[in-house]
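# Structural overview for review
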Amino acid sequence: MTFNEPAERVELRAVVADFAAGYGSGYYRARAGEGEYLTELWREAGELGYLGVNIPEEYGGGGGGIGDLAAVLEELSAAGCPTLMMVVSPAICGTVLARFGTPDQRRRWLPGLATGRTIMAFAITEPDAGSNSHRITTTARRDGDGWVLSGRKTFISGVDVADAVLVVARIRDEGSGTLSAALFAVPTGAPGFEARRIEMDLVSPDHQFQLFMDDVRLPGDALVGDPEAGLLQLFAGLNPERIMAASLAAGSARHALDKAVAYAKERTVWGDRPIGAHQGLAHPLAQVKIELEQARLMTQHAALRYDSGDDAGAGEAANMAKYAAAEACVRAVDQAVQTLGGNGLASEYGLGSAIAAARLARIAPVSREMVLNYVAQQSLGLPKSY
Ligand SMILES: Cc1cc2nc3c(=O)[nH]c(=O)nc-3n(C[C@H](O)[C@H](O)[C@H](O)COP(=O)(O)OP(=O)(O)OC[C@H]3O[C@@H](n4cnc5c(N)ncnc54)[C@H](O)[C@@H]3O)c2cc1C
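Source: prediction; values computed, not measured.

Calculation rules
- Residues numbered from 1 in each chain as written.
- Predicted model: local features only at pLDDT ≥ 70, side-chain atom pairs only at ≥ 80, totals over all residues.
- Near = placed C-beta within 6 Å.
- Helix = DSSP H or I, 4+ residues; strand = E, 2+ residues; numbered from the N terminus.
- Domains from an automatic or database assignment.
- Expected span 1.5 Å × (residues − 1).
- Buried ≥ 20, exposed ≤ 12 C-beta atoms within 10 Å, placed from the backbone.
- Contact = placed C-beta atoms within 7 Å.
- Pairing = 2+ DSSP bridges.
- Nonpolar A, V, L, I, M, F, W, Y, C, P; charged D, E, K, R; others polar.

## Brief notes about the site of the ligand
Near the ligand lie 21 residues; those nearest to it are Thr125, Gly130, Ser131, Ser367 and Glu369. For the shell around the ligand, the elements supplying multiple residues, two or more each, are strand 1 (120-123), strand 3 (146-157), helix 10 (352-363) and helix 11 (368-379). Looking at which domains feed residues into the shell around the ligand, each of domain 2 (122-225) and domain 3 (230-379) gives three or more.

## Quick notes on helix 4 (residues 66-78)
For helix 4, which comprises 13 residues, the first-to-last C-alpha distance of 18 Å matches the rise-based estimate of 18 Å (1.5 Å per residue) to within 8%. A positive phi of about 90° marks Gly80, the residue just after helix 4.

## Observations concerning the environment of Leu382
Checked against the element boundaries, Leu382 lands in the segment after helix 11. Take Leu382: there are 11 C-beta atoms within 10 Å of it, and that puts it in the exposed class. Separated by 125 residues in the primary sequence, Leu382 and Leu257 place their C-alpha atoms 36 Å from one another. Filtering out sequence-adjacent residues up to four positions away, Leu382 remains in contact with Ala376 and Gln377.

## Overview of the pairing of strand 4 (residues 164-172)
Of all nine residues in strand 4, seven are buried, a share of seventy percent or more. As defined by bridge partners, strand 1 adjoins strand 4 across four bridges and the pair is classed as parallel. Counted as the bridge partner of Phe122 is Leu166 from strand 4. Sheet topology note: the strand 2 (residues 139-143)/strand 4 ladder contains two bridges and is parallel. Across the sheet, the residue bridging to Ala140 is Ile171, located in strand 4. Here nine bridges tie strand 4 to strand 5 (residues 179-187), and the two strands are oriented antiparallel to one another. Along strand 5, the bridge assignment pairs Val167 with Phe184. Linkage of strand 4 to strand 5, two consecutive antiparallel strands, is achieved through a turn of six residues, within which Gly177 is found at a positive phi near 80°.

## A short note on the domain arrangement of the protein chain
Taken as a whole, the protein chain is organised into domain 1 (7-119), domain 2 (122-225) and domain 3 (230-379). Inter-centroid distance (C-alpha atoms) of domain 1 to domain 2 is 23 Å. Listed by partner, the interface residues are 24 residues for domain 1 and 16 residues for domain 2. Contributions of two or more residues to the side of domain 1 that touches domain 2 are made by helix 2 (24-33), helix 5 (84-100) and helix 6 (103-115). Considering each element in turn, the side of domain 1 that touches domain 2 owes the most residues, eight residues, to helix 5. By residue class, the composition of the side of domain 1 that touches domain 2 is 14 nonpolar, six polar and four charged.

## Overview of the environment of Met244
With respect to the helices and strands, Met244 occurs in helix 7 (residues 230-266). We classify Met244 as buried; it has 30 C-beta atoms within 10 Å. It is 15 Å that separates the C-alpha atoms of Met244 and Glu327, two residues lying 83 residues apart in sequence. The residues contacting Met244, other than those within four sequence positions of it, are Leu69, Ala70, Leu73, Met86, Val87 and Ala91.

## Let's talk about unusual backbone geometry
With omega at -5°, the peptide bond leading from Ala364 into Pro365 counts as cis. Note on placement: Pro365 falls in the loop between helix 10 and helix 11. Of note in the backbone geometry, Asp215 takes a positive phi value of approximately 50° without being a glycine.

Right under this line is the structure:
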């Protein structure tokens, strides 16, 4: 038993950190401020194989696991370049297609997802369902050999840069009238598919959209995998989503902590001793470091369980990792702002906008409260309240 990451993962982290340092938070903030995506970074990372480390080798990926992809996202985020599109495209969509796609679907989508040349968004959230995904109403009905899809989605990330969206819907059995969950690959250019941008108080190159799908006609093979295995397929994508969200939050926490520590070592206002010598600043930063390392350990544990095929065990660990990393990120950014005093809110240091980004970690892709519900019910066996 070892708590060290394998040598290849350590090496992967080092090369990605080096690559990301070439872009850095200045590049990220400039692109976000211009309303543009991290296109150059994404393209180069794709060419270097970083975006597809988890995709099977036969489809042009690195043949690694979600732990490898999570390490890539953590290092990008630690360098100040986080992107939600790594969570949705190679992690959720790549995993679902690799595990459950038909041979044709895998050949069609995976090589592009592996290099980043194809981007796939993921849409489950609906305006009237929110955290209660059992309440979604987006529905597909059979139409000859194909499908007709109708419904609405909200807060869907990256539709402006995506070629397609993996949409969670329900299929209506015309005979019995029952509804079962299913996933559809929907091209963003399909007639009847409309995306409207939601204005957010987040400074981010990832934009959010409302989707309006009005009788979108899809070919028969737009239905991903086996219609009988709908929920199982969906859950296969949700553990990677949580592990990746935890890594994004942990990387962002590292970025904030690094800034705070560097500042606390340099800034002097009482004689020659830097402000970091005062325990009022040093202890909260040390506390952040401890909570961050706990969250990273839990994230690596969740990834290890997932990559070793233990879906059930990974579910509990991935939820706990996501919770721990989000809390560490919120605390890290808050303490970094405090450490920098007035500069904590000066645009030059980029920490003011990090406050909203850190709060996002508590809300999406699964909220803090829904994680606590999961742990209360699944881990502790407490009764369900809703
Ligand atoms: C920037 C951003 C990007 C996103 N990207 C995507 C994406 O790409 N694809 C996608 O499908 N979705 C995406 N989402 C949606 C995200 O997953 C949801 O916002 C999140 O799941 C919460 O749903 P909601 O906003 O409808 O909140 P609601 O469900 O309305 O919840 C509101 C509050 O009530 C709490 N609450 C709800 N039910 C309970 C309960 N039973 N017990 C205790 N508390 C409860 C919640 O925790 C929350 O605090 C994104 C959201 C944001 C903000």
